[in-house]
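Coordinate analysis (summary)
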Amino acid sequence: MRVLITGVTGFAGSHLAELALVEGAEVHGTVLPGSPPSADLAPLLARTRLHPCDLTEPGAAARVLGEVRPERVFHLAGLSVVGSSWANRAEVLRVNLEAAFHLLEALRELPAPCLLVSSAEVYGLVDEAAQPIPETAPLRPVSPYALSKACQELYATYYALAERLPIVTVRAFNHIGPRQGPGFVSADIARQVAAVEAGQAPPVLAVGNTAARRDFTDVRDMVRAYWLALEKGLPGEVYNAASGTAVTIREVVEIFLSLARVPIEVREDPARFRPVDLPLLLGDAGKLRAATGWAPAIPLRTSLADTLADWCRRV
Ligand code: GDD
């Protein structure tokens, strides 16, 4: 089977490509021109066909679909850092919406089952009593990034209902692991710990809001959710992908400190706090589990240890 993964050299995209290869697929992926993939992706990219393409350019998605004729499409390309999305709001909205629009328009001409990866961020501020959050909760985005994902979902709804495209949407809760870039909490912490261990920085860890609670899933489990959702999910439906357990960022910091080979002092950095932060994001993935049998398998400590090992190689 031929699959097309947009953003194949990105964090989740690269892990999804590895899974697709294990599943026996012929893997094609788009990569943004001018963003060279990191060297550690070389073994993966030797087995993946890359299509340089800026999806926000009219006609680019149609050209790639015409070249690949994919039997499944996974749309992962886009801007995904929440924390910087207030400062970059115009770019986040432009890139995420134009890319989705052009891809969906191209799929109207060459239809194939398509997975849209959305985000738990679309739920916004949800009362603790109403969590774990089911898919039926209203979309009330409170960050520009979340707004872009909620708008993408409306596009998917239109193309599924009005244009009858077979689109499945997954609302991914937080996912972490090797290859995640800076701007996400566990990568930001792991990068600093690795720099301290390498003697490149004083033994101080800068953190933002550590009282927030998040529902973390290893990226390798998350991409399995994407694969299964498109294989077994119903077109037009939305599925949460989440572990069902929330931990504080403070607990994440504690695990990293216990993994570190040297003592490190933790300091709050006001620049790392957000204009609006979600105190708790905890997901109910019962619908995905019922449809596909998916369950995450990798424990949080393993994900964090693998993330730290990855940053120790990178710094
Ligand atoms: N990034 C970052 N860096 N976050 C920090 C830091 C820090 O140094 N210190 C504390 N935090 C807090 C944030 O304020 C937030 O409450 C929490 O850690 C998680 O932040 P992120 O890792 O940036 O993730 P997110 O929850 O905002 O968004 C992630 O999950 C979404 C799905 O739930 C991203 O992966 C999104 O792309 C994804 O859609």
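Not measured: the values here are computed from a predicted model. (Residues numbered from 1 in each chain as written. Predicted model: local features only at pLDDT ≥ 70, side-chain atom pairs only at ≥ 80, totals over all residues. Heavy atoms only, no water.)

Here the focus is the pairing of strand E2 (residues 26-31). With 5 of 6 residues buried, E2 lies mostly within the body of the structure. Pairing of strand E1 (residues 2-6) with E2, which is carried by 5 bridges, proceeds in the parallel orientation. Bridging from a neighbouring strand, isoleucine 5 pairs with glycine 29 of E2. Crossover connection from E1 via helix H1 (residues 11-22) to parallel E2: handedness right-handed. Bridging between E2 and strand E3 (residues 49-52) involves 4 bridges; their strand directions are parallel. Residue pairing in the sheet places histidine 28 in a bridge with arginine 49 of E3. (Buried < 20%, exposed > 50% of the residue type's maximum accessible area, 1.4 Å probe, protein only. Helix = DSSP H or I, 4+ residues; strand = E, 2+ residues; numbered from the N terminus. Pairing = 2+ DSSP bridges. Right-handed = clockwise from strand over helix to strand, strands pointing away.)

A word on the sheet that holds strand E14 (residues 280-281). Pairing is mixed across the open sheet formed by 3 strands, whose spatial order is E12-E9-E14. In this open sheet, the two edge strands, each paired with only one partner strand, are strand E12 (247-248) and E14. With 2 bridges joining them, strand E9 (residues 213-214) and E14 adopt parallel strand pairing. Residue pairing for E14: arginine 214 is matched across the bridge by leucine 281.

Generally, phi is negative for residues other than glycine and the peptide bonds are trans, each holding for most cases. In the segment running from glutamine 131 into proline 132, the intervening peptide bond is cis, with an omega of 0°. Checked against the element boundaries, proline 132 lands in the loop between strand E5 (114-119) and helix H5 (144-161). Phi angles above zero are rare outside glycine, and arginine 69 is one such case at about 50°. Its place among the elements puts arginine 69 in the loop between helix H3 (60-68) and strand E4 (72-75). By relative accessible area, which is 49% here, arginine 69 ends up partly exposed. Even without a glycine there, the phi angle at arginine 179 is positive, about 80°.

Pairing within the open sheet is parallel, and its 7 strands lie in the order E3-E2-E1-E4-E5-E6-E11. The sheet is open, and its two borders are formed by E3 and strand E11 (238-241), each paired with just one other strand. When the angles between neighbouring strand axes are averaged without regard to direction, this sheet yields 20°. As judged from the 6 bridges shared by E5 and strand E6 (residues 167-172), these two strands associate in the parallel manner. Pairing of leucine 115 across the sheet is with valine 168, part of E6. Its contacts with the sheet place helix H4 (residues 89-109) against E1, E4, E5 and E6, and it is angled at close to 170° to E4. (Axes fitted to C-alpha atoms, helices over the stretch in contact; angles between N-to-C directions. Contact = heavy atoms within 4.5 Å.)

To continue, consider the pairing of E1. Buried residues dominate E1, accounting for 4 of its 5 residues. Bridge count between E1 and E4: 4 bridges; the pairing is parallel. Residue valine 3 lies in a different strand from E4, and its bridge partner there is arginine 72.

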